[in-house]
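A closer look at the structure
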Amino acid sequence: MLTLTENASTIVKDITSQPGLADTAGLRITSEEAPEPTFAVSAAEAPEPGDQTVEQDGATVYLDQAAATMLDDKILDAAVDTAGKVEFALGIQA
């Protein structure tokens, strides 16, 4: 199952705890089959039917079925660049 680094957990919590978002809000990762798999990340009020839910250190991430399969052995990291943009990175779990 996908795991999150401490940085990723903190950033996901910051994104999904904005005023006006539901208590069920989380980060949703979807995938598209292309020559190389690509992932889209967005804030979501709740999981979509069939989504896998990953909860870690107070952060919630929803994965569509294809993303859940592809990210099963991965770790999600995140950082904020100097312009304030969030950047996500994937690594292989040790």
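Keep in mind the model is a prediction, meaning the values are calculated, not measured. (Residues numbered from 1 in each chain as written. Predicted model: local features only at pLDDT ≥ 70, side-chain atom pairs only at ≥ 80, totals over all residues. Heavy atoms only, no water.)

For S31, the location among the structural elements is in strand β2 (residues 26-32). Here A67 takes part through its backbone nitrogen, which lies 3.3 Å from a polar atom of the side chain of S31. Once residues lying within four places of it in the same chain are set aside, the contact partners of S31 are T38, F39, D64, A66, A67 and M70. (Helix = DSSP H or I, 4+ residues; strand = E, 2+ residues; numbered from the N terminus. Polar contact = N/O pair within 3.5 Å; in protein donor to acceptor, adjacent residues only side chain to side chain. Contact = heavy atoms within 4.5 Å.)

What follows covers the pairing of strand β3 (residues 38-44). Bridge count between β2 and β3: seven bridges; the pairing is antiparallel. Across the sheet, residue G26 finds its bridge partner in β3, namely A44. The hairpin formed by β2 and β3 contains five residues between the paired strands. (Pairing = 2+ DSSP bridges.)

Alignment of strand β6 (residues 74-80) against strand β7 (residues 86-92), held across seven bridges, turns out to be antiparallel. Counted as the bridge partner of D77 is A89 from β7. Connecting β6 to the next strand, β7, in antiparallel fashion are five residues, including G84 with a positive phi near 90°.

With mixed pairing, four strands are arranged side by side in an open sheet as β3-β2-β5-β4. For this open sheet the edge positions go to β3 and β4 (52-56), each flanked by a neighbour on one side alone. On average, adjacent strands in this sheet sit at an angle of 25° to one another, irrespective of strand direction. Contacts from helix α1 (residues 6-16) reach β2, β3, β4 and β5 (59-63) within the one sheet, and its direction differs from that of β5 by about 85°. (Axes fitted to C-alpha atoms, helices over the stretch in contact; angles between N-to-C directions.)

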